[in-house]
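These are the residues of each chain, in order.
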Amino acid sequence: MGKLLNSVGGKVGKLIIGLMDKECEKDGLMLENFLRKRYIDPELELCDKCDLTFKFLGNPTFAAAEKLLKVDRDWLSGRLRSEYGESWLRGIVSIAKGVKEFGVREPFVPASPILIVWNLTYQCNLRCKHCYENAGLARKAELNEEEARYALEQMKEANVAAIAFSGGEPLVRKDFFELAKLAHDSGMYVSIASNGTLISRKVAKKLKEVGVDYVEISLDGIGKAHDEFRGIPGAFERTLKGIKNCLAEGIDTCIATTGWKGNLEEILKVAELADKLGARFIHFNYIPVGRGTKELDITPREREELLEELALKNLRNYVENGRGDRVLSTAPQFGRKTKEIAEKLGIEYFVATHYGGLSSSSEEKMKSIKSTANFIGGCGAGRLYLALEPNGDILPCTFFPRNMKVGNILEDDLIEVWEENELLWDLRDREKLKYVEIGGEKIGCGVCENKYICGGCRARAVAYFDDPLAPDPGCIKNEKIFASLEEGVRASLLPTPSIRSR
């Protein structure tokens, strides 16, 4: 089906979007205006030529796309008319242009990154054991204020829909609020990943004022369990206050917990705390990079059991409250696990990404949604998002090692990197994923039926095999690979042909 869509639907899509992706001297960008007219402002006035093109090309195309993807027009209009409408519009334009540039692919590739995770600084006031950035007090070269504004301008020009400020601790940097406001004023969805210890009532109020839409605060356990992992006594109480301060300001707040060997018994406790506080919860997949060592990693079985508990909790929220985005996970296997449990329980719900899910009461629509999720779901490294380092280096994902950069924001054009980098295109092609032969059995992401809705974590593949296309040893389906690694026979798994492209 994917090949057929790419060959037939892709060619038609390229042609149609190409006819709309033009600039009118009078009205401006046609594609954007057509989207506004159908979903936001039906009374939007266009010149005679644009009005005719919208009537006979734009409007029928969007109607056909809604039918194909089972998207409710009123639902989409509501999103585009909401306070996050501009970022939604940016994302949809990028998706449409992605069809023109790259065809209908499985999984899908937009014309520009939907999200950029910007590690704004190497500085941090905590000493977390798992820190991918190896952040601390030591100063390294970072973008200065002028360079940071230039980087933000590049993102705006590239039509990036969302930006997530991270670090280190982004609130340590003195120009954070200026950059956050510039991003918000550019129409981007703005989020921040923080340890929460610096978020006083005054800081929370300022976050709201500059347009921060979402705050994600790390909490790795209750009380001492958190303090021990974060390396600073009293961190738990300060973090908890930061969470409460954000909630008091009405900011969409999520508690994030990284699952590692020392806190598995704490994760569901933190999820329950999030419920009581009225916050969302997300489990972060542990990646051995930076200060994080393989010794802290959990086994595939432990990860599977954790994901099952979280999937059940999320499904309960969906059934009881209609919200399938209250408990999520960055582990790409979460989509597969949710699918398995939902089907077993007869619940029509499907997690497409770690940002949320899709649902329908119609069996026919659910089949379409599951097909659509193949285009959306799974690991988005270098496909839906990029990471930006404090010094301007561009990575496929914030959990990739720093020596695998694909460019630098000060030296390279962001769109050229997105369109031309070979590593990014390898990550986007699920047919290139590899597998291992153990005892004559083929095991790995390359031969997995869920490779389009999951694909395994590419950062974990790099961490264990130094190969972004290798199997993710953290998945239960790859348990024999993980066991082989623990037995010290890693050499027998590498290189090709022990691991072979499918």
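Higher on the page you've got the structure.
Residues numbered from 1 in each chain as written. Predicted model: local features only at pLDDT ≥ 70, side-chain atom pairs only at ≥ 80, totals over all residues. Heavy atoms only, no water.

(A) Representation of helix α2 (residues 30–39). Most of α2 is tucked away: eight of the ten residues are buried. All of the buried residues in α2 are Met30, Leu31, Asn33, Phe34, Leu35, Lys37, Arg38 and Tyr39. (Buried < 20%, exposed > 50% of the residue type's maximum accessible area, 1.4 Å probe, protein only. Helix = DSSP H or I, 4+ residues; strand = E, 2+ residues; numbered from the N terminus.)

(B) Structural context of the pattern of salt bridges. Under the defined criterion, the tally for this structure stands at 32 salt bridges. Notably, a salt bridge pairs Asp297 with Arg303, separated by 3.2 Å at the nearest N-O pair. Judged by its relative accessible area of 2%, Asp297 falls in the buried class. Judged by its relative accessible area of 2%, Arg303 falls in the buried class. A salt bridge links Glu389 to Arg402; its shortest N-O distance comes to 3.0 Å. With Glu389 in the loop between β12 (385–388) and β13 (393–395) and Arg402 in the loop between β13 and β14 (407–408), this pair connects stretches of sequence that are 13 residues apart. Taking relative accessible area as the criterion, Arg402 reaches 24% and is therefore assigned partly exposed. (Salt bridge = Lys/Arg side-chain N within 4 Å of Asp/Glu carboxyl O.)

(C) Structural context of a negative patch on the surface. Together, Asp413, Glu416, Glu419 and Glu420 line one region of the surface with negative charge. The residue Asp413 is located in the loop between β14 and α15 (414–420) in this model. Residue class for Asp413 comes out partly exposed when judged on its relative accessible area of 37%. (Patch = residues over 30% accessible without salt bridge, like charges linked within 9 Å, V, L, I, M, F, W, Y side chains within 5 Å. Areas by Shrake-Rupley, 256 points an atom, 1.4 Å probe, with all protein chains shown as cover. Lys, Arg positive; Asp, Glu negative; His and termini not counted. Charge placed at Lys NZ, Arg CZ, Asp CG, Glu CD.)

(D) Quick peek at the sheet that holds β12. Overall, mixed pairing links the ten strands, which are arranged β9-β8-β7-β6-β5-β4-β3-β12-β13-β14 in an open sheet. Edge positions in the sheet fall to β9 (327–329) and β14, since each of these pairs with one other strand and no more. Here helix α10 (residues 235–248) sits on the sheet and contacts β6 (214–218) and β7 (252–258); the angle it forms with β6, its principal contact strand, is near 165°. (Pairing = 2+ DSSP bridges. Contact = heavy atoms within 4.5 Å. Axes fitted to C-alpha atoms, helices over the stretch in contact; angles between N-to-C directions.)

(E) Here's a closer look at the packing of helix α6 (residues 145–157) against helix α7 (residues 176–185). The contact between α6 and α7 brings their axes to 10 Å, and the two run at 20°. Classified by the angle between their axes, α6 and α7 sit roughly parallel to one another. Along this stretch, α6 crosses α7, giving a crossing that reads as right-handed. Where α6 approaches α7, its residues Glu145, Ala148, Arg149 and Leu152 are matched on the opposing element by Glu178, Leu179, Leu182 and Ala183. Tallied by class, residues from the contact of α6 with α7 come to five nonpolar, no polar and three charged. (Parallel < 35°, antiparallel > 145°, perpendicular 65-115°, else oblique. Left-handed = near helix turned anticlockwise from the far one by under 90°. Nonpolar A, V, L, I, M, F, W, Y, C, P; charged D, E, K, R; others polar.)

(F) Fine view of the packing of α2 against helix α5 (residues 85–102). Running from N to C, α2 and α5 cross one another at 125°; their axes reach a closest spacing of 10 Å. Considered as vectors, α2 and α5 are oriented oblique to each other. The hand of the α2/α5 crossing is right-handed. On α5, the residues that touch Leu31, Glu32, Leu35 and Arg36 of α2 are Glu86, Leu89, Ile92, Val93, Ala96 and Lys97. Classifying every residue of the contact of α2 with α5 by side-chain character gives six nonpolar, no polar and four charged.

(G) Region of the structure containing unusual backbone geometry. Cis geometry is adopted by the peptide bond preceding Gly168, which originates at Gly167 and carries an omega value of 20°. Position of Gly168 among the secondary structure elements: in the loop between β4 (162–166) and α7. The phi torsion at Asp466 lies on the positive side, around 60°, for a residue other than glycine. Inspection of the secondary structure puts Asp466 in the loop between α17 (458–465) and α18 (479–486). Residue Asp466 is classed as exposed on the basis of its relative accessible area, which comes to 62%.

(H) Layout of the state of the cysteines. Counted according to the given criterion, the structure contains zero disulfides. In this structure Cys24 is a free cysteine whose sulfur lies 3.7 Å from that of Cys50, the closest cysteine sulfur available. In this structure Cys379 is a free cysteine whose sulfur lies 5.6 Å from that of Cys457, the closest cysteine sulfur available. (Disulfide = S-S within 2.5 Å.)

(I) Representation of the pairing of β12 in the model. Alternating positions in β12 separate into two faces, Tyr385 and Ala387 on one and Leu386 and Leu388 on the other, with burial throughout. For strand β3 (residues 115–119) and β12, the ladder comprises four bridges, and the chain directions are parallel. Bridge pairing in β12 places Ile116 opposite Leu386. Inspection of the sheet shows β12 paired to β13 by two bridges, in the antiparallel sense. Bridge assignment links Leu388 to a residue of β13, and that residue is Ile394. Where β12 hands over to β13, the hairpin turn is made up of four residues, of which Gly392 adopts a positive phi near 95°.

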